[in-house]
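Examination of the molecular architecture
Okay, here's what each chain looks like letter by letter:
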Amino acid sequence: SQELEQSPQSLIVQEGKNLTINCTSSKTLYGLYWYKQKYGEGLIFLMMLQKGGEEKSHEKITAKLDEKKQQSSLHITASQPSHAGIYLCGADPRNYGQNFVFGPGTRLSVLP
Amino acid sequence: DGGITQSPKYLFRKEGQNVTLSCEQNLNHDAMYWYRQDPGQGLRLIYYSQIVNDFQKGDIAEGYSVSREKKESFPLTVTSAQKNPTAFYLCASSIPGTNYGYTFGSGTRLTVV
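Just so it is clear, the model here is predicted, and its values are computed rather than measured.

**A closer look at the interface of chain B and chain A**
A common way to report how large an interface is uses the accessible area buried once the components associate. Contact residues are listed per partner, giving 22 residues for chain B and 20 residues for chain A. Interface of chain B and chain A: buried area, both sides summed, is about 1600 Å²; carbon and sulfur atoms make up 46% of it. Put simply, chain B and chain A have one salt bridge between them. One salt bridge in this structure joins K9(B) and E41(A), with 3.6 Å as the shortest N-O distance. Elements supplying a minimum of two residues to the side of chain B that touches chain A: β4 (31-37), β5 (43-51) and β9 (87-94) of chain B. No other element matches β5(B), which puts four residues into the side of chain B that touches chain A. Taken together, the residues of the side of chain B that touches chain A sort by class into 10 nonpolar, 10 polar and two charged.

Below is the structure:
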């Protein structure tokens, strides 16, 4: 069963628009990681959140973890074509046993 | 610079053949992992190894085999028993028990011809 859910499954936005991707866990998260993957490439680490209410930003990408530590959102401001790719959330193994669990991913396309 | 190197980037296999995917890391990470990624699906764990000379089956180990003779290397063999091997394969490594997450290689795309 899928322990991490992501929404939406895919997203197409016009360049310059803001967007949000969500990741929901069936369990309280010990730590939540966001990764980005370009087509045919490996995963690149974006951010890690651990504390309830925590928020981190890197360039135009902001990630938040809710107070209950069961939901995280990834927000991109003024999207650019370089933001296109697949965004995956991952849960710290201390949540789910021994190994990381990944969400199914959200495919983002940014139209110029 | 430290990182994970996967080779080859593209691999073609005839039906009935075994092929081996290479994964090498110079990060001094104890743990290494192999994932399979199919379109529209998330990452599925094939095998993992927490320490040299030891490895464990993941969720979809059937038709695959691994070895971990050196800390730096974790090769994956896709055997002829794997009925649908065409996929994108990702190798990762980590330091267990830390918050550093996983570091990924750039992947190998395997196609059965």
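**Re the state of the cysteines**
Residue and element names in this part refer to chain A. Applying the stated rule across the entire model yields two disulfides over all chains. Here C23 is linked by a disulfide to C89, with a sulfur-sulfur distance of 2.1 Å. Here the disulfide of C23 and C89 is right-handed, its torsion about the S-S bond being about 75°. With C23 in strand β3 (residues 19-25) and C89 in strand β9 (residues 85-91), this residue pair connects regions lying 66 residues apart in the sequence. C89 carries the same exposure label as C23, and that label is buried.

**Some words on the sheet that holds β3(A)**
All names here are of chain A. Strand order across the open sheet formed by five strands is β1-β3-β8-β7-β6, with antiparallel pairing between neighbours. The open sheet has two edge strands with one neighbour each: β1 (4-7) and β6 (55-58). Strand-to-strand twist in this sheet, taken as the mean axis angle between neighbours without regard to direction, amounts to 15°.

**Digging into the nonpolar core**
Within the largest apolar cluster, 23 residues are counted, with the highest numbers of intra-cluster contacts made by L4(A), L19(A), L32(A), W34(A), L74(A), Y87(A) and L108(A). Beyond its immediate sequence surroundings of up to four residues, L19(A) is in contact with L11(A), V13(A), L74(A), H75(A), I76(A), S79(A) and L108(A). In terms of nonpolar packing, the next biggest core, distinct from the first, is built from 20 residues, Y47(B), L76(B), Y89(B) and C91(B) among them.

Quick notes on the rules
- Residues numbered from 1 in each chain as written.
- Chains lettered and ligands numbered in written order.
- Predicted model: local features only at pLDDT ≥ 70, side-chain atom pairs only at ≥ 80, totals over all residues.
- Heavy atoms only, no water.
- Contact = heavy atoms within 4.5 Å.
- Buried area = accessible area lost by both parts, 1.4 Å probe.
- Salt bridge = Lys/Arg side-chain N within 4 Å of Asp/Glu carboxyl O.
- Helix = DSSP H or I, 4+ residues; strand = E, 2+ residues; numbered from the N terminus.
- Nonpolar A, V, L, I, M, F, W, Y, C, P; charged D, E, K, R; others polar.
- Disulfide = S-S within 2.5 Å.
- Buried < 20%, exposed > 50% of the residue type's maximum accessible area, 1.4 Å probe, protein only.
- Pairing = 2+ DSSP bridges.
- Axes fitted to C-alpha atoms, helices over the stretch in contact; angles between N-to-C directions.
- Core = buried A, V, L, I, M, F, W, Y, C linked by side-chain atoms within 4.5 Å.

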